[in-house]
Each structure stands twice: as C-alpha cells, then as structure tokens.
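# Reading the structure
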Amino acid sequence: PLMLAAGLGLELLPLALLANGIGAVAGSQFGGRVADRLSPSSTVRMASLAQIVLLLGFASCVVLPPVIGGPLLFILFAAGGFIGWGFWPSQSSLVVGLAPGAPALAIALSMTALNIGVALAAIIGLVAVSRWLLNPLFRVLARAKAREVMTAAALLVVLGAISVRWWPMGDR
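Each chain has its residues counted from 1, running along the sequence as written. Predicted model: local features are reported for residues with pLDDT of at least 70 only, side-chain atom pairs are reported and counted for 80 or more only, and whole-chain, interface and lining totals are derived from all residues. With hydrogens and water stripped out, all remaining heavy atoms of the structure feed into the side-chain values.

### Examining the overall build of the chain
Across its full length, the chain holds six helices and zero strands. When the helices and strands of the chain are read in sequence order from the N terminus, they spell out α-α-α-α-α-α. Over its C-alpha trace the chain gives a radius of gyration of 21 Å, far above what one expects of a compact globule, namely 16 Å for 172 residues. Over its C-alpha atoms, taken along the principal directions, the chain stretches across nearly 65 × 40 × 30 Å. Each helix corresponds to a stretch of at least 4 residues labelled H or I by DSSP, and each strand to a stretch of at least 2 residues labelled E; elements are numbered beginning at the N terminus. A radius of gyration in this sense is built from C-alpha atoms; the matching globule rule multiplies 2.2 Å by the number of residues raised to 0.38.

### Re the environment of Leu17
Relative to the helices and strands, Leu17 resides in helix H2 (residues 13-37). For Leu17, a relative accessible area of 56% gives the class exposed. Measuring from C-alpha to C-alpha, the distance between Leu17 and Pro103 comes to 31 Å, with 86 residues separating the pair along the chain. Throughout this description, buried means an accessible area under 20% of the type-specific maximum (1.4 Å probe, protein chains only), exposed means over 50%, and partly exposed covers the range between.

### Comments concerning the environment of Phe82
Here Phe82 shows up in helix H4 (residues 66-98). Between the C-alpha atoms of Phe82 and Leu94, which are 12 residues apart in sequence, the distance is 19 Å. Those residues in contact with Phe82, other than ones at most four positions away along the chain, are Gly23, Ala24, Ala26, Gly27 and Phe30. Whether two residues touch is decided by their heavy atoms; if any such pair falls within 4.5 Å, the residues are in contact.

### Some details on the packing of aromatic side chains
What describes a pair of aromatic rings is the distance from one ring centre to the other and the angle between the planes of the rings. Stacked, tilted and edge-to-face are the three classes assigned to paired rings of Phe, Tyr and Trp, where Trp is represented by its six-membered ring and a pair needs centres within 6.5 Å; plane angles under 30 degrees give stacked, over 60 edge-to-face, the rest tilted. What the rule picks out here adds up to three aromatic pairs. With a centroid separation of 5.4 Å and 35° between ring planes, the pair formed by Phe30 and Phe82 is classed as tilted. Taken together, the residues Phe30 in helix H2 and Phe82 in helix H4 connect sequence positions 52 residues apart. Classification of Phe30 as partly exposed rests on a relative accessible area of 47%. What makes Phe82 partly exposed here is its relative accessible area of 31%.

### Comments concerning the packing of H2 against H4
A fitted line through C-alpha atoms represents every axis, and for helices the fit uses only the stretch in contact; the resulting angles, taken between N-to-C directions, go from 0 to 180 degrees. Running from amino to carboxyl end, H2 crosses H4 at an angle of 35°, the nearest separation of the two axes being 6 Å. As H2 packs across H4, the resulting crossing turns out to be right-handed. Three residue categories are used. Nonpolar comprises Ala, Val, Leu, Ile, Met, Phe, Trp, Tyr, Cys and Pro, charged comprises Asp, Glu, Lys and Arg, and polar comprises the others, including Gly. Taken together, the residues of the contact of H2 with H4 break down into 13 nonpolar, 10 polar and no charged. A clockwise turn of the near helix away from the far one marks a right-handed crossing, whereas an anticlockwise turn of less than a right angle marks a left-handed crossing.

### Let's talk about the nonpolar core
If you look at the biggest cluster of nonpolar residues, it comprises 12 residues: Met3, Ala6, Leu8, Ala16, Ala47, Leu54, Phe58, Cys61, Leu73, Leu76, Phe77 and Ile83. Within the residue set of this core, elements represented by two or more residues are helix H3 (40-61) and H4. Sequence-distant contacts of Met3, that is, excluding residues within four places in its chain, are made with Leu8, Gly9, Leu12, Leu13, Ala16, Leu73 and Phe77. Take the buried Ala, Val, Leu, Ile, Met, Phe, Trp, Tyr and Cys residues and link them wherever side-chain atoms come within 4.5 Å; each set so joined is a nonpolar core.

### Quick notes on unusual backbone geometry
Backbone geometry places Lys145, a non-glycine residue, at a positive phi of 55°. Here Lys145 is to be found in the loop between helix H5 (103-143) and helix H6 (147-165).

### Focus on a nonpolar patch on the surface
Two joining distances apply to patches: 9 Å for like charges and 5 Å for nonpolar side chains (Val, Leu, Ile, Met, Phe, Trp, Tyr), and every residue must have over 30% relative accessible area and no salt bridge. Each accessible area value is a Shrake-Rupley result obtained with a 1.4 Å probe; residue values ignore everything except the protein chains displayed when judging cover. Salt bridge, as used here, is a side-chain nitrogen of Lys or Arg placed within 4 Å of a carboxyl oxygen of Asp or Glu. Taken together, the side chains of Ile116, Leu120, Ile123, Ile124 and Val127 present a nonpolar region at the surface, about 470 Å² in accessible area. The topology assignment puts Ile123 in helix H5.

Without other data, these values stay purely geometric and don't point to any function.
Given below as structure tokens:
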C-alpha cells in the first residue's frame, strides 16, 4: 500500500527489498564500527533519532508527487535497512553487557521482548481503531436509523478485514 500510495507499482517491490537489503548489509558493518568509535549507547540514540526522521520521510512519500515520492521511497527503504541493521550491533553489545555470563540468553530475551512489544502494539492499535474510529462511525450511522446503511457498514468492515488477509500480492 505504501508503494501504491507513492505512485509505484507492486512490480517494483523486489527492487525496494533489494535497496533495503543493500542498506542492511552496509548498516550492519557501519553500525558496529560506529559503536566501537563512539559508544554503543550513543549509536543507539543516534539510530533512534534517525528512525524518527525516517518515519517522517515515509509519511511524506504519500503526499509528494509520484515523480519525487517514488524515488524518495527507494532511498528511504535503503536508509531504513541501513539504520535498522546499524542499530543491532550496538543494542546487542548493550544487552550482552547486562548479562556477560549468558550472552546468548540475553540476546534471545531481547528478541523475545521485541516480539512481545510488536504483538502488544498490534493489540493496542486494534483497540484504538475500534474505539476511536469504528465506534464513532457506527454511532453516527445508528443515529441515522437507516438499518441498511448500518448493515452495509458492518459488511464493509468484515470485507476489509478479509481483504487484508487475502490481499493479492502477485504470483506467490
């Protein structure tokens, strides 16, 4: 959807993933060197700030003209790989420092915490959307006292949920 909103076709997705992968390889090499020169905590702070700028860039791609937003999106995919994978050597160093006797366990627990955070964010997002978007919409429709409109809106929500699950992604 982001690529489509930026005016690019899904046939360019492999190139976007390639840009992200190239950025990731470069970032993992560069991130470890920066952590060695500065400090892991400084590198994590810089990467976190860069991620904020990166997210603002992704948001701008959908409002820019496709001739600008499309190429910018590829640059941002590469930068996302660079920043995201440049972050991990520093974070791993900090996590291992917390448990020097069990480095593998410390990194595994860090990844577990990340996955739990992603799952909780999805649940919180679902509750927020239903509470502050769908509930007000259905209240407005209920006040209209048009059963057909309410039924159609409920059906559209269900169809939307189904389409997210089975969105056509080209040849699989």
